[in-house]
Amino acid sequence: MTAHRFLTGDARLIANIRATVVNVSDKSNWIFVEIEMEDGATGLGEATLHGHEPLVLFCLDQHRAAFHGATLDALANGLSPGRVTPAGLAGHAAISALEQARLDLVGQAAGERLCALYGRAAVSVSAYANINRGLPERTPDAFATRAAEVARAGFDRLKIAPFDGVSPTASDGAANEALVQAGLDRIRAVRAAVGPEIGVMVDCHWRFDPDRAMRLMEEVRGEDLFWIECPISENPAQFVSIAAMRTAANEAGMLLAGAEMGMGLEAFTPFLALYDVIMPDVKYCGGPSELLRIADAAAEARKRVAPHNPSGPVAAVHSIHLAAHPAIDLLELQHDETPLFGTVTCGGDLRVRSGCLSAGAGSGLGLALNRGVCERHPWQQVPPPR
């Protein structure tokens, strides 16, 4: 398995680590992280963790103190992106963003796009639209209208999260079942709106218990779904149930996808035997270098890799460059939550062409923050996802 360390011997020193939090909607803040070098060069990463911004900023403060005046290689050796931190997901979001920014600087110094650093001079990856956070309301008609819009925009796949309020531990079984049925109505409305040619994915956000999830596989059999994502809890006590669920999903003509919140290769290893598609997130898994290690392991296991990416443009562009890895053939893109997606950064190109996203020009990541836009949209408290 490739090491993907990308150590360079660069003698420049880190002058500052800076975090910028931008409020983009009533649901979301994006956290951007910059490493500023003593010569003024700046690398950019993203650490978005909805509703937990103070925790991520606290972790970044600790790294700022630890790595001020250090080299990029010292930063790489000190981050340990493959090891789960005591600070959990917030700690790994900080580590992952710093590793993104470090590799941006490595690419800039080499005069190469990041995809070239990862093995391909140019890259194009099939994209699917996540329409969940951008919906103005949660009716089946609203889901159907937005789904039809993204199909017209050139996406050939889309993802919804239709099961609002469903809980695996609900005390009122009848009320919970009514919420399940409401989710099924949304799925049917989307399929009717886009027809049979558009791939539809359904994200369950771990809302089901195993028995109800197994029944769900049969209930959606006629909707020709591309995949079902995260139907039940991913703790080890549920691994046998996940394996059974994958068999049921495959028999119903669907893939089973998950493992979006894993931190480090070790966390993903058991899921290579459980899911058809694994979904490492460049913001949480340890950054680009660790995601490449995970993709190596997935390729050896003959599993698909579709990076989780429901946030801002910096994570999106890092993920596009990572599609230089042959195991990565599909990428999530947050659709129409906010007009700031196209203005909060300068450079790059996140337009979908023929259903695909391509790595832009410029060395490294090829992006910089639009500081004026960032300053006009400061942090606002948002609720954690439920």
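Notes on the structure follow. Going along each chain's sequence as written, the residues are numbered from 1 onward. It should be noted that, the model being predicted, local features are given only for residues of pLDDT at least 70 and side-chain atom pairs only at 80 or more, the latter also being counted only at that level, while totals for whole chains, interfaces and linings use all residues. Computation of side-chain values covers all heavy atoms of the structure but excludes hydrogens and water.

Moving on, we get to the overall build of the chain. The helix and strand inventory of the chain stands at twelve helices and 14 strands. The C-alpha radius of gyration of the chain comes to 20 Å, within 12% of the 21 Å expected for a compact globule of 386 residues. Projected onto its principal axes, the C-alpha coordinates of the chain cover approximately 60 × 40 × 40 Å. Working definition: with a 1.4 Å probe on protein chains only, accessible area under 20% of the residue-type maximum means buried, over 50% means exposed, and in between means partly exposed. A buried classification covers 57% of the 386 residues belonging to the chain. The contact rule is simple, with two residues in contact once any of their heavy atoms fall within 4.5 Å. Put simply, of all contacts in the chain between residues at least 6 apart along the chain, 73% involve residues at least 24 apart. Counting every atom, the chain has about 14,700 Å² of accessible surface; 54% of that belongs to carbon and sulfur. Positive charges come from Lys and Arg alone, negative charges from Asp and Glu alone, with His and the N- and C-terminal ends not counted. To locate a charge, the coordinates of NZ of Lys, CZ of Arg, CG of Asp or CD of Glu are taken. Counting 33 positive and 45 negative side-chain charges, the chain places the centres of these two groups 2 Å from one another. The way it works is that DSSP assigns letters per residue, a run of H or I at least four long becomes a helix, a run of E at least two long becomes a strand, and they are numbered from the N terminus. Only C-alpha atoms enter the radius of gyration; for comparison, a globular chain is expected to reach 2.2 Å times N to the power 0.38, where N is the number of residues. To be clear on the numbers: accessible area is Shrake-Rupley with a 1.4 Å probe, and residue cover counts the displayed protein chains and nothing else.

Let's shift gears to the sheet that holds strand β2 (residues 29–37). Only when DSSP finds a minimum of two bridges between them are two strands counted as paired. Taken together, the three strands give an open sheet; going across it, the order is β1-β2-β3, and neighbouring strands pair in antiparallel fashion. The strands lining the two open edges of the sheet, one partner per strand, are β1 (14–23) and β3 (42–46). Within the sheet, the average angular offset between the axes of one strand and its neighbour, ignoring direction, is 20°. Bridge analysis of β2 against β3 gives five bridges, and the strand direction is antiparallel. The convention used is that axes are lines fitted to C-alpha atoms, helices contributing only their stretch in contact, and that angles between N-to-C directions extend from 0 to 180 degrees.

Stacked, tilted and edge-to-face are the three classes assigned to paired rings of Phe, Tyr and Trp, where Trp is represented by its six-membered ring and a pair needs centres within 6.5 Å; plane angles under 30 degrees give stacked, over 60 edge-to-face, the rest tilted. The tally for this structure, following the rule as stated, stands at eight aromatic pairs. Taking 4.9 Å as the distance between ring centres and 90° as the angle between the ring planes, the aromatic pair formed by Phe 163 and Phe 208 counts as edge-to-face. Linking Phe 163 in the loop between β5 (157–160) and α6 (173–194) with Phe 208 in the loop between β6 (199–203) and α7 (210–219), this pair joins segments that are 45 residues apart in sequence. Considered together, Phe 163 and Phe 208 belong to a single accessibility category, that of buried residues. Geometrically, the ring pair formed by Phe 226 and Trp 227 is tilted, given 5.8 Å between the ring centres and 35° between the ring planes.

Quick look at the pattern of salt bridges now. By salt bridge we mean one thing: a side-chain nitrogen of Lys or Arg within 4 Å of a carboxyl oxygen of Asp or Glu. Taken as a whole and judged by the stated rule, the model has 25 salt bridges. Arg 18 is the partner of Glu 34 in a salt bridge, and the nearest nitrogen-oxygen pair spans 3.2 Å. In this pair, Glu 34 is assigned in strand β2 and Arg 18 in strand β1, connecting sequence segments 16 residues apart. Taking the relative accessible area as the measure of exposure, Glu 34 reaches 5% and is therefore buried. The partner of Glu 219 in a salt bridge is Arg 212, and the shortest N-O contact between them spans 3.0 Å.

Time to look at the pairing of β5. In regular strands, side chains alternate between the two faces of the sheet. Burial along β5 is two-sided: Arg 157 and Lys 159 and Leu 158 and Ile 160, pointing in opposite directions, are all buried. Judged from the four bridges that link them, β5 and β6 form a sheet pairing that is parallel. Of the residues in β6, the one forming a bridge with Lys 159 is Met 201.

One finds Leu 158, Phe 163, Phe 208, Ile 228 and Ile 278 to be the most contacted residues of the largest nonpolar core, which totals 89 residues. Grouped together as the second largest cluster of nonpolar side chains are 27 residues, Ile 14, Cys 59, Ile 95 and Ala 101 included. In these notes, a set of buried Ala, Val, Leu, Ile, Met, Phe, Trp, Tyr and Cys residues joined through side-chain atoms within 4.5 Å is what counts as a nonpolar core.

Take the state of the cysteines next. Criterion for a disulfide: a pair of cysteine sulfur atoms at a distance within 2.5 Å. Under the criterion given, the structure shown has zero disulfides. Here Cys 59 is not disulfide-linked; the sulfur of Cys 285 is the nearest cysteine sulfur, at 16 Å. Cys 374 carries a free sulfur, and the closest cysteine sulfur to it, the one in Cys 346, is 8.8 Å from it.

Here α7 crosses helix α8 (residues 239–251) at 10°, and the two axes come no closer than 9 Å. As summarised for this structure, α7 and α8 are arranged roughly parallel, according to the angle between their axes. Here Pro 210, Ala 213, Met 214 and Met 217 of α7 come into contact with α8, specifically with Ser 241, Ala 244, Met 245, Ala 248 and Ala 249. Note on angle classes: values under 35 degrees are labelled roughly parallel, values over 145 roughly antiparallel, values of 65 to 115 roughly perpendicular, and the remainder oblique.

Residues apart from glycine generally show negative phi values, whereas peptide bonds are mostly found in trans. Of note in this structure, Ala 259 is not a glycine but carries a positive phi near 70°. Turning to its location among the elements, Ala 259 is positioned in the loop between β8 (255–258) and α9 (265–268). Look at Ala 259 and you get buried, because its relative accessible area is 3%. With phi around 60°, Arg 302 is a residue other than glycine that occupies positive phi space. The residue Arg 302 is located in the loop between α10 (288–300) and β10 (304–305) in this model.

So, on to the environment of Gly 88. The residue Gly 88 is located in helix α3 (residues 88–110) in this model. On the basis of relative accessible area, Gly 88 is assigned to the buried category, the value being 19%. Here the alpha-carbon distance between Gly 88 and Tyr 284, two residues 196 residues apart in the chain, equals 9.7 Å.

Attention now moves to the packing of helix α1 (residues 53–67) against α3. Contact pair α1 / α3: the axes reach a minimum separation of 8 Å and the direction vectors enclose 55°. Compared by their axis directions, α1 and α3 come out oblique. Crossing hand, α1 versus α3: right-handed. Contacts between α1 and α3 pair Leu 55, Val 56, Cys 59, Leu 60 and His 63 from the former with Ala 90, Gly 91, Ala 93, Ala 94, Ile 95 and Leu 98 from the latter. Amino acid classes used here: Ala, Val, Leu, Ile, Met, Phe, Trp, Tyr, Cys and Pro are nonpolar; Asp, Glu, Lys and Arg are charged; the rest, including Gly, are polar. Residue composition of the contact of α1 with α3, by class: nine nonpolar, two polar and no charged. A clockwise turn of the near helix away from the far one marks a right-handed crossing, whereas an anticlockwise turn of less than a right angle marks a left-handed crossing.

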